[in-house]
Amino acid sequence: MQYGYFDDEAKEYVITRPDTPTSWSNYLGSTEYGAVITNNAGGYGFYKSGAQGRFMRLRFNSIPMDQPGRYFYLRDMESGDYWSASWQPVGKPLDKFKSECRHGTAYTKITSEYEGIKSETKYYVPLGQTFEYWRLKVTNTGSKKRKLRAFSYCEFSNQWNTTQDQVNLQYSIFIVKGEKSAPNMLRYSIHENLYIQHQKNPAINDYMSEWIALAGAPMTGFDTSREAFIGTYGNYKEPAAVLKGECSNSEAFGDNSCGTVQADIELNPGETKEIMVLLGIGDANVEGKKTVEEFGTFERADQEFEKLIKNWHSKLNSFSAVTPDEDINHTVNMWGLYNCLITFAWSRAASLVYNGERDGLGYRDSVQDILGVSAAIPQEAEERLVRLLSGQFSNGGALPVISKDFEAGKQKMIPAEKFRSDDCQWFFNAVPCFVAETGNFDFFNRVVPYADKGEDTVYGHLKQALLFNLERMGKDGLPCGLLADWNDCLKLGYHGESLFVAFQLRLGLTTYADISKRLGKNDEADWALSERKKLDENIQKKCWDGKWFIWAIAEDGTVYGTQSIEEGQIYFNTQVWSVLSGAATPEQMKTCLESVKEKLATPYGLMLCAPPFIYASRDIMSSVVYLPGIKENAGIFNHTQGWGIIAEIMNGNGDRAYEYCKAALPATYNTKAEIRQSEPYVIGQTTYSTYSKRPGNTRVSWLSGAATWNYYSITQYMLGIRPQYNGLLIDPCIKHDWDGFKVERRWRKMNLHIEVKNPSHVSKGIEYIEIDGKRIDSSTIPAELLKDGSTIIAVMGKNALPVENERM
Ligand code: NOJ
């Protein structure tokens, strides 16, 4: 079933049926002032923190999953009929109510038509501001004059703390006030005495107050008390004030507040009128007044919208492609990168699933997030990378979460058993990616503090990361599992051994050796390669199980992920990382990837392990708590799908890489959305596998490491445009019957036009490249041969040039 389509030209996803299988959401604003909004205008807003700065309420995990939100109710003052400008919350029959929602770059636009009235609502937060616009345009498409009344609605949190707001009612309902503070302005505040005692919201160091203003029409009524507007036994579908046809000008004094301004709109046939609500944080009499004075005209609102679009589109234009596959085009040209940028901004904090409590930067995921955004926002990527590097302790391990008030050099060392074994190994993916993107090789020499004490160059941080694991090896010579490796559910015991981290460490040692040579530190390179040799021997001694690599070795010596064990017989991560790290012999690579295909591939993506755990000890395989076929228990964990694609590309199998890519690609499900249920334009953390009763259903939209690896594997491996330290590698691995593809790529401030031609229909292999008409016989184009506007033509064929790949 299809609920919408991609409009790549406008960079929008257009939802044409509002009754989507789940609420399909989008983001507005920035990390300073953020918002989640759905196709039915549901959602919430927050300042600095999804949980601690939550000023707009959403009732989590409800039915529907997105209420309340940012609503406009419209009432025909003659017939008494009423509806909402978004299909929900009133929910008029869909044979009479037509609705279209366009989710774009940090804005959402909903148009509806009902009984001769067309409405368009547009929601966005201007760049750098702490308020939002809700614009409502209403057109009379009928032949008689219409008298309408519009009511806005949202609910404010009583305390800017999502949990307290919803559970600590003995306190939170006694502090909120709402009042009219100017002819077109409502003011919301917490009782002043709270300021005297607590001064500010301690979590975000700010006052908790909001305002809402109406522009474009006089405010003919208002309600700031939720009970007055909705009615004690009313609901969002039938609010008392809309039923009655007027607000009661209520001033909330305790209990709950709401944001309702009332405006009257008279329309002659064919006439259009517009009003807008500005809603922000701060004192109505100060910030509210000032904002309305500066931003309260339609002209200014239009300018702010243009600025917003320009800013986002410029980031998204860092990479665009025309390939023979439309789903890949939608992903590359808008949604894949947009998803990475939103994930980078919000980490794993705020969505319809995360209520904001997961504030701060989860270490491992945040390091990986760098891969997806380095080309689009190199400066922000650098700042984030430095912050993450400074979250590394001087012993080489990492803080599990970098909180908002984190200060390098001042962190207390965490207990040994709290360290994750993989955290800092992700540097070996992120740092080279960033350096190759920017060409800033000196970044390796930049001095960055450690979390607890001391400082070192970035290169020194990398060495500490290696030492951290090398100094914590188990009895078989593999890195200890510590609290967990990438897999949160893997509790091997501190001294249990993680083969996944062994492969990460191998990649780290290879990468470190390469960087060392470039920095002229040959002794360090020799050291890294000799450590790698020892590690390789240990891996080969203990970890090959005949058809695949084992999973891990627990502290008591039990080997997981072998043919002789029934549950969790084969583990995906160790197969693909054996390839990514270069540890697998060519024969092992072929064999283990065949095993992946045979045992783990499903039409919806690659399962994390198989068969699922039923009886395993929760103390070791805590994924046993999940139903079979979900999440880490033999579910399709989308974070890992990109690794499967890259492994097959390293294996030279473009057809299979494409097959894996398409199976898990959100856009593939656009015409069969009932299978995936979640938004076809963004990734989800997990997909139910064929071991479950609901194969294909996908959950936890937007915020996941899946965003980075999905985008990165397609752009840098499948399309194969992969920056190196000294040049740009063109090394695609595609479905063999593609004739080629075109890419526009921003690299080191140059806009490059790249065309890959595939006349011989191979999957992989570049025969030659022409740069502005000049032929080179190398698949890496030296940076000095490129200039802004260069045209690159890369011709694929059977007589392929060797690939000098400097980084993963
Ligand atoms: C979700 C976490 O965010 C991520 O860090 C982890 O790697 C996966 N779970 C797998 O367990």
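The structure displayed is predicted, hence computed values, not measured ones. (Residues numbered from 1 in each chain as written. Predicted model: local features only at pLDDT ≥ 70, side-chain atom pairs only at ≥ 80, totals over all residues. Heavy atoms only, no water.)

1. Side note on the packing of helix H15 (residues 572–580) against helix H16 (residues 586–600)
In the contact formed by H15 and H16, the axes pass within 10 Å of each other and the chain directions differ by 150 degrees. In terms of orientation, H15 lies roughly antiparallel with respect to H16. The hand of the H15/H16 crossing is left-handed. Touching Phe572, Gln575, Val576, Ser578 and Val579 of H15 are Met589, Cys592, Leu593, Val596 and Leu600, all from H16. Of the residues contributing to the contact of H15 with H16, the split by class is 8 nonpolar, 2 polar and no charged. (Axes fitted to C-alpha atoms, helices over the stretch in contact; angles between N-to-C directions. Helix = DSSP H or I, 4+ residues; strand = E, 2+ residues; numbered from the N terminus. Parallel < 35°, antiparallel > 145°, perpendicular 65-115°, else oblique. Left-handed = near helix turned anticlockwise from the far one by under 90°. Contact = heavy atoms within 4.5 Å. Nonpolar A, V, L, I, M, F, W, Y, C, P; charged D, E, K, R; others polar.)

2. Looking at the layout of surface pockets
Size it by volume and the largest pocket reaches roughly 860 Å³. If you trace the largest pocket, you find 34 residues lining it, with Ser30, Thr31, Phe344, Ala345 and Arg384 closest to the centre. Counting residues per element, the ones that place at least two in the lining of the largest pocket are helix H7 (298–316), helix H8 (326–346) and helix H10 (378–389). The biggest single contributor to the lining of the largest pocket is H8, with 5 residues. Classifying every residue of the lining of the largest pocket gives 14 nonpolar, 11 polar and 9 charged. Each of domain 1 (4–314) and domain 2 (354–471) accounts for three or more of the residues forming the lining of the largest pocket. When its volume is computed, the second largest pocket comes out at roughly 660 Å³. In terms of lining, the second largest pocket is formed by 27 residues, of which the most central are Arg348, Arg358, Arg364, Asp365 and Asp488. Among the elements that make up the lining of the second largest pocket, the one with the highest residue count is helix H9 (residues 363–373) (3 residues). Grouping the constituent residues of the lining of the second largest pocket by class yields 10 nonpolar, 7 polar and 10 charged. (1 Å grid on protein atoms, 1.4 Å probe; cavity = no way out; pocket = protein on both sides within 12 Å on 5 of 7 lines; lining within 4 Å. Points joined across faces, edges and corners; volume = space filled by probe spheres on them. Domains from an automatic or database assignment.)

3. Some points on H15
Burial of H15 is extensive: 9 of the 9 residues sit out of reach of the surface. Those residues of H15 that are buried are in contact with helix H11 (427–438), helix H13 (499–518), strand S27 (570–571), H16, strand S29 (605–606) and helix H17 (641–650). The positive-phi residue at the C-terminal boundary of H15 is glycine 582, with phi of around 80 degrees. (Buried < 20%, exposed > 50% of the residue type's maximum accessible area, 1.4 Å probe, protein only.)

4. So, the domain arrangement of the protein chain
In terms of domains, the protein chain is made up of domain 1 (4–314), domain 2 (354–471) and domain 3 (721–796). Computed from C-alpha atoms alone, the centre-to-centre distance between domain 1 and domain 3 is 48 Å.

5. Thoughts on the site of the ligand
All residues in the neighbourhood of the ligand are listed as Arg364, Asp365, Trp486, Asn487, Asp488, Glu632, Phe637 and Gln685. One nitrogen or oxygen atom from the side chain of arginine 364 is found 3.0 Å from an oxygen atom belonging to the ligand. Here glutamate 632 contributes a side-chain N or O atom positioned 2.5 Å from an oxygen atom of the ligand. Within the complex, the protein chains bury 91% of what would otherwise be the 290 Å² of accessible surface of the ligand. Cavity membership is defined here by more than half of the atoms lying within 2 Å of grid points; on that basis the ligand lies in the second largest pocket. (Near = heavy atom within 4 Å. Polar contact = N/O pair within 3.5 Å; in protein donor to acceptor, adjacent residues only side chain to side chain. Areas by Shrake-Rupley, 256 points an atom, 1.4 Å probe, with all protein chains shown as cover. Sits in = over half its atoms within 2 Å of the grid points.)

6. Digging into the sheet that holds strand S37 (residues 750–757)
Spatially, 6 strands are ordered S19-S36-S37-S41-S38-S39 in an open sheet, and the strand pairing comes out mixed. A single partner strand is all that each edge strand has here, and the edge strands are strand S19 (319–322) and strand S39 (774–776). Mean inter-strand twist for the sheet, computed between neighbouring axes without regard to direction, equals 20 degrees. Pairing of S37 with strand S41 (residues 791–796) involves 5 bridges; the strand directions are parallel. Across the sheet, histidine 753 pairs through a bridge with threonine 791, a residue of S41. (Pairing = 2+ DSSP bridges.)

7. Quick look at the pattern of salt bridges
Per the stated rule, a full pass over the model turns up 48 salt bridges. As a salt-bridge pair, arginine 187 and aspartate 283 come within 2.9 Å of each other at their nearest N and O atoms. Residue arginine 187 is found in strand S14 (residues 185–190), and its partner aspartate 283 is found in the loop between strand S18 (272–281) and helix H6 (284–295); the two are separated by 96 residues along the sequence. A residue is classified by how much of its surface remains accessible, and aspartate 283, at 22% relative accessible area, is partly exposed. Residue aspartate 737 pairs with lysine 735 through a salt bridge whose shortest N-O separation is 3.2 Å. Each member of the salt-bridge network shares a partner with another, and the members are Arg57, Arg59, Glu155, Asp165, Arg226 and Glu227. (Salt bridge = Lys/Arg side-chain N within 4 Å of Asp/Glu carboxyl O.)

8. With respect to the UniProt feature "domain: Glycosyl hydrolase 94 catalytic" (unreviewed entry) in the protein chain
The residues that UniProt annotates with the feature "domain: Glycosyl hydrolase 94 catalytic" (unreviewed entry) are residues 312–720. Regarding residues 312–720, the helix share stands at 44% and the strand share at 9%, and the terminal C-alpha atoms are separated by 24 Å. (UniProt positions renumbered as here; feature names shortened; annotations may be inferred.)

9. Quick word on the sheet that holds strand S6 (residues 71–76)
Ordered in space as S7-S6-S12-S17-S16, the 5 strands form an open sheet in which the pairing is antiparallel. Looking at strand neighbours, the two that pair on one side only are strand S7 (82–84) and strand S16 (221–225), the edges of this open sheet. For this sheet, the mean angle separating the axes of adjacent strands, direction not counted, is 20 degrees. By the bridge criterion, 6 bridges tie S6 to strand S12 (residues 146–153) in an arrangement that is antiparallel. Opposite aspartate 76, over in S12, you have leucine 148 as the bridge partner.

10. A word on the state of the cysteines
If you walk through the whole model with that rule in mind, you get 0 disulfides. Here cysteine 101 is not cross-linked by a disulfide; its sulfur's nearest cysteine counterpart is in cysteine 154, at 18 Å. Look at cysteine 101 and you get buried, because its relative accessible area is 1%. Residue cysteine 340 stays outside any disulfide, its sulfur separated by 11 Å from that of cysteine 433, the closest cysteine. (Disulfide = S-S within 2.5 Å.)

11. A short note on the packing of aromatic side chains
Evaluation of the coordinates by the stated rule reveals 62 aromatic pairs. For the pair tyrosine 13 and tryptophan 24, a centre-to-centre distance of 6.2 Å together with 65 degrees between the ring planes defines the contact as edge-to-face. Taken as a pair, tyrosine 13 in strand S2 (residues 12–15) and tryptophan 24 in the loop between S2 and strand S3 (25–29) lie far apart in primary sequence, 11 residues in all. Judged by its relative accessible area of 0%, tryptophan 24 falls in the buried class. Geometrically, the ring pair formed by phenylalanine 434 and phenylalanine 443 is edge-to-face, given 5.0 Å between the ring centres and 65 degrees between the ring planes. We note that phenylalanine 434, like phenylalanine 443, is buried. Put simply, the rings of Tyr3, Phe6, Tyr13, Trp24, Tyr27, Trp312, Trp335, Tyr338, Tyr681 and Trp702 pair up and form one aromatic cluster. Sitting over the ring of tyrosine 82, lysine 92 keeps its end group 5.6 Å from the ring centre. Its end group placed over the ring of tyrosine 669, lysine 672 keeps NZ or CZ at 5.3 Å from the ring centre. (Phe/Tyr/Trp six-rings, centres within 6.5 Å; stacked < 30°, edge-to-face > 60°. Lys NZ or Arg CZ within 6 Å of the ring centre and 35° of its normal.)

12. Focus: the environment of glutamate 100
Relative to the assigned elements, glutamate 100 resides in strand S8 (residues 98–104). What makes glutamate 100 partly exposed here is its relative accessible area of 26%. Excluding anything up to four places from it in sequence, glutamate 100 contacts Tyr5, Val14, Ile15, Lys109, Ile110 and Thr111. A polar side-chain atom of glutamate 100 sits 3.1 Å from a polar atom in the side chain of arginine 102.

13. Considerations on the packing of H17 against helix H20 (residues 705–718)
Between H17 and H20, the shortest axis-to-axis distance is 8 Å and the interhelical angle comes to 15 degrees. By the angle between their axes, H17 is roughly parallel relative to H20. In this structure, H17 meets H20 at a crossing whose hand is left-handed. Each of Gly642, Trp643, Ile645, Ile646, Ile649 and Met650 in H17 lies in contact with H20, whose residues at this interface are Trp709, Tyr712, Ser713, Tyr717 and Met718.

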